[in-house]
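These are the residues of each chain, in order.
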Amino acid sequence: MISNEKILVTKTFLPPLNEYMSYMEEIFATGWLTNNGKHVVELERELAKELDIDKLLFCTNGTVVLDMAIKVLNLTNEIITTPFSYVATLNSILWRDCKPIFVDINESDCNINCDLIEEKITANTQAILVTHVYGNPCDVIRLEKIANKYNLKVIYDAAHAFGVKYKGSSIFNYGDISTCSFHATKIFHTVEGGALFTNHSDLFDQLYKMRQFGHIYDDYYLPGINAKNSEVHAAMGLCVLNHFNEILVRRRAISELYDNTLNYNIISKPVAIPDTQYNFAYYPIILPDETTCLKVIETLNRNNIYPRRYFYPSLNTLPYLSYQECPVSERISKSVLSLPLYFELSDSEVESISSLINNSL
Ligand SMILES: *Cc1c(COP(=O)(O)O)cnc(C)c1O
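Peer 1: What is the right way to read the pattern of salt bridges from this model?
Peer 2: Where side chains of opposite charge bring their charged atoms close, a pairing between them can arise. One pass over the structure, following the stated rule, counts 15 salt bridges. For Glu107, the salt bridge is made with Arg331, and the minimal N-O distance between the two is 2.7 Å. With Glu107 in the loop between strand 4 (99-102) and strand 5 (125-131) and Arg331 in helix 10 (residues 327-335), this pair connects stretches of sequence that are 224 residues apart. Given the relative accessible area of 46%, Glu107 is considered partly exposed. The exposure class of Arg331 is partly exposed, given its relative accessible area of 44%.

Peer 1: Got a minute to help me understand the sheet that holds strand 5 in this structure?
Peer 2: Think of a sheet as strands paired side by side through backbone hydrogen bonds, with each pair either parallel or antiparallel. With respect to topology, seven strands assemble into an open sheet ordered 2-10-9-6-5-3-4, the strand pairing being mixed. A strand with exactly one partner marks an edge of an open sheet, and here the two such strands are strand 2 (57-59) and strand 4. The mean angle between the axes of side-by-side strands here comes to 25 degrees, regardless of whether they run parallel or antiparallel. Running over the sheet, helix 3 (residues 64-72) touches strand 2, strand 3 (78-81), strand 5, strand 6 (153-157), strand 9 (177-181) and strand 10 (194-197) and is turned about 165 degrees from strand 9.

Peer 1: Would you mind going over the site of the ligand with me for this structure?
Peer 2: Taken together, the neighbourhood of the ligand is formed by 15 residues, with Gly62, Thr63, Asp157, Ser181 and Lys186 sitting nearest. Gly62 is positioned such that a nitrogen or oxygen atom in its backbone is 2.7 Å from an oxygen atom of the ligand. The contact in question runs from an oxygen atom of the ligand to an N or O atom on the side chain of Ser181, over 2.7 Å. Protein chains bury 91% of the 380 Å² of accessible surface belonging to the ligand in isolation. For the shell around the ligand, the residue count by class is three nonpolar, ten polar and two charged.

Peer 1: Can you walk me through the sheet that holds strand 7 (residues 165-166) in this structure?
Peer 2: Taken together, three strands build an open sheet; the order of strands is 8-7-13 and the sheet is antiparallel. Where the open sheet ends on each side, the last strands, each with one partner, are strand 8 (169-170) and strand 13 (276-277). Across two bridges, strand 7 lies against strand 13 in antiparallel orientation. The residue bridging Tyr166 from the neighbouring strand is Thr276, located in strand 13.

Peer 1: Looking at this structure, how should I read helix 8 (residues 244-261)?
Peer 2: Structural remark: α-helix, 3.6 residues per turn; residues separated by three or four positions point the same way. Given a rise of 1.5 Å per residue, 18 residues ought to cover 26 Å, and the 26 Å separating the end C-alpha atoms of helix 8 matches this to within 8%. Among the residues of helix 8, those classed as buried are Phe244, Ile247, Arg250, Arg251, Ile254, Ser255, Leu257 and Tyr258. For helix 8, the angular spread of the buried residues around the axis is 155 degrees, confining them to a single face. Across from the buried face of helix 8, at angles greater than 90 degrees, the exposed residues are Asn245, Val249 and Asn260. Looking at the buried side of helix 8, the elements it contacts are helix 2 (38-51), helix 7 (231-242) and helix 11 (347-359).

Peer 1: Mind showing me how you'd approach the packing of helix 7 against helix 8 here?
Peer 2: Angle between the axes and distance between the axes: these two values describe a pair of packed helices. Following both chains from N to C, one finds helix 7 and helix 8 inclined at 55 degrees, their axes separated by 4 Å at the closest point. Taken together, the axes of helix 7 and helix 8 are oblique relative to one another. Contacts between helix 7 and helix 8 involve Val240, Leu241 and Asn242 from the first element and Phe244, Glu246 and Ile247 from the second. Considered class by class, the residues forming the contact of helix 7 with helix 8 number four nonpolar, one polar and one charged.

Peer 1: Is there a simple way to explain the pairing of strand 3 in this structure?
Peer 2: The side chains of a regular strand alternate between both faces of the sheet. The alternating pattern of strand 3 places Glu78 and Ile80 and Ile79 and Thr81 on opposite faces, both of which are buried. Pairing of strand 3 with strand 4, which is carried by four bridges, proceeds in the parallel orientation. The residue bridging Ile79 from the neighbouring strand is Pro100, located in strand 4.

Parameters at a glance
- Residues numbered from 1 in each chain as written.
- Predicted model: local features only at pLDDT ≥ 70, side-chain atom pairs only at ≥ 80, totals over all residues.
- Heavy atoms only, no water.
- Salt bridge = Lys/Arg side-chain N within 4 Å of Asp/Glu carboxyl O.
- Helix = DSSP H or I, 4+ residues; strand = E, 2+ residues; numbered from the N terminus.
- Buried < 20%, exposed > 50% of the residue type's maximum accessible area, 1.4 Å probe, protein only.
- Pairing = 2+ DSSP bridges.
- Axes fitted to C-alpha atoms, helices over the stretch in contact; angles between N-to-C directions.
- Contact = heavy atoms within 4.5 Å.
- Near = heavy atom within 4 Å.
- Polar contact = N/O pair within 3.5 Å; in protein donor to acceptor, adjacent residues only side chain to side chain.
- Areas by Shrake-Rupley, 256 points an atom, 1.4 Å probe, with all protein chains shown as cover.
- Nonpolar A, V, L, I, M, F, W, Y, C, P; charged D, E, K, R; others polar.
- Expected span 1.5 Å × (residues − 1).
- Arc of directions from axis to C-beta.
- Parallel < 35°, antiparallel > 145°, perpendicular 65-115°, else oblique.

Right under this line is the structure:
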C-alpha cells in the first residue's frame, strides 16, 4: 500500500503560484487579454528557441490544429492514418468529411508500419496523417519517400512529441505540417492549447490568417476560424517553459527507475527508432495478453493507482466506422498500459508500482 492519495496516470505540472500571479498582475494592469497579445508573441518566440525551429502558431487546442492542417491542404478524400492513437487524430479526418484508410502498426514502436502503406494507396489517396505515438518518431524518412513517390501530403499529429528530436532536428520539422497539443495532460502545457508547425511559408501564411477568421484588420483573405489562444494561457506556457528542464530530468529519472525495477522477462515496451532524442512523455508497457493487463489494472486500482489503457480501443474498431482489419494494433491496444509518470511522482511510489505489477504477473 502506498498512500491514501490517488495516483493517476498523470498530474499536471503547476508552476509556483507567485510566478503565474506576476503575469496576471501585468495582464490585469494592461487589460490586454487576447488577439495576438504580448505574451502569446513571447511564448511563440520562446518555444521556437526551446525547440530549435523557425516559428510556430500557438492555437487553442491540439484538435482544431489538425482540422486546420487538413483544411489548408484542401484534403477531401482518402487519408492514410494509424489505428493506434488518441481518437482526435481520427476524428479530425472524419470531421472534415475525408475517408480514413487504416494501416496497421509496428510491434516495436507502435507507429504506422511503412511496409504496409503502398498497398493501401489508391487514385483517391491524398495524404498521410499519422501520430508519433508516445513521442516515438515515425519513420519520417521512409514516409517522405512514399509521399514523394505518390505525390501525397504528410501531416504529423505530434501531440506527444514536444521536444523530441530525430537525427538532431526537431521532429516538428518533418512532414508538410506538424501539430502539437499543449493540453494540461501533456508534457508541456498551457492548460488548453496547441500549435502548428510548417516550413512552407505559403502554408504558414494561410494558417496565420486562418487562425484569426481569415482577415488582418480590414483585409479579408480566406474563410478562417477562431483558433487564437489567450494571454492567460500564454502566461501559463511561459511559466511551465521556465521549468521544462527540471520536468524532463525528473521524468527521465522516473522512466529509468521503471526500466530497472519492472520484470522485463515478461513485460515489453515500445522502443523508439535509433537517432531519437526522447522526451519521456509516456511510460507504456505491453503485457503478454489482455487478461494479464486487466489483472494488473485491478491490482493497481485496489492500491489507489490508476494507469490508463493508452490506446484502447484500436480506432479501426470504433462503432461509427466500417471495419478495416489491423491485427497488430487490435492486439497491442488490448494489452498496453500507460503507467503513472509525472514530475511529483516519488521514487518510492514508482518502486511500489513496479513491485505490484511484478507480483501480479
Ligand atoms: C491530446 C491529443 C490530441 C488532442 O489535443 P487537445 O489539445 O486535447 O485537443 C490529439 N492527438 C493526440 C495524439 C493526442 O494525444
